[in-house]
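One-letter residues, chain by chain:
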Amino acid sequence: QVQLLESGGGSVQAGGSLRLSCTASESQYCMAWFRQPPGKEREGVASIDWEESTDYADSVKGRFTISKDNAADTLYLQMNSLNPEDTAMYYCAAASDWYCSWTYWGQGTQVTVSS
């Protein structure tokens, strides 16, 4: 069973930055960040595959950067120019197949942005 451990959440003022980390117990083909704002459904934020191809939600393009350290099996999400709409529980997800089927999920880390 793959385990994902997230860290790096916290509270920040609008315009600030945070970096989330997610360490996997073993390497995965695809990894991603999702988020669930209060009272809303979970949504995709950014993903990266085995070829280092990345994809971003329109709402975070130009502000967030996803990256990974393959040697450490660690995924990152650098979040800049945060705004209150970014407030959410952020989840790390991983897939062991080439179709990026999100099978494994972390417990989540809270990000709160105040105006």
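Treat the numbers as computed from the prediction; the structure is a model and nothing was measured.

Cut-offs used in this document
- Residues numbered from 1 in each chain as written.
- Predicted model: local features only at pLDDT ≥ 70, side-chain atom pairs only at ≥ 80, totals over all residues.
- Heavy atoms only, no water.
- Pairing = 2+ DSSP bridges.
- Helix = DSSP H or I, 4+ residues; strand = E, 2+ residues; numbered from the N terminus.
- Axes fitted to C-alpha atoms, helices over the stretch in contact; angles between N-to-C directions.
- Buried < 20%, exposed > 50% of the residue type's maximum accessible area, 1.4 Å probe, protein only.
- Contact = heavy atoms within 4.5 Å.

**Q** Explanation requested: the sheet that holds strand 3 (residues 18-24) in the structure shown.
**A** What links the strands of a sheet is backbone hydrogen bonding, and the strands pair in either a parallel or an antiparallel sense. One open sheet holds the four strands; their spatial order is 1-3-8-7, and the pairing between them is antiparallel. Here the strands that pair on one side only, and so sit at the sheet edges, are strand 1 (4-7) and strand 7 (64-69). Taken pair by pair, the neighbouring strands of this sheet meet at an average axis angle of 15°, ignoring direction.

**Q** Can you help me understand the environment of Leu18 in this one?
**A** Considering the arrangement of structural elements, one finds Leu18 in strand 3. Residue classification places Leu18 among the buried positions, given a relative accessible area of 15%. Along the sequence, Leu18 and Trp102 sit 84 residues apart, while their C-alpha atoms lie 24 Å from each other. Not counting residues up to four positions away in its chain, the partners in contact with Leu18 are Gly8, Gly10, Val12, Leu77, Gln78, Met79, Leu82 and Val111.

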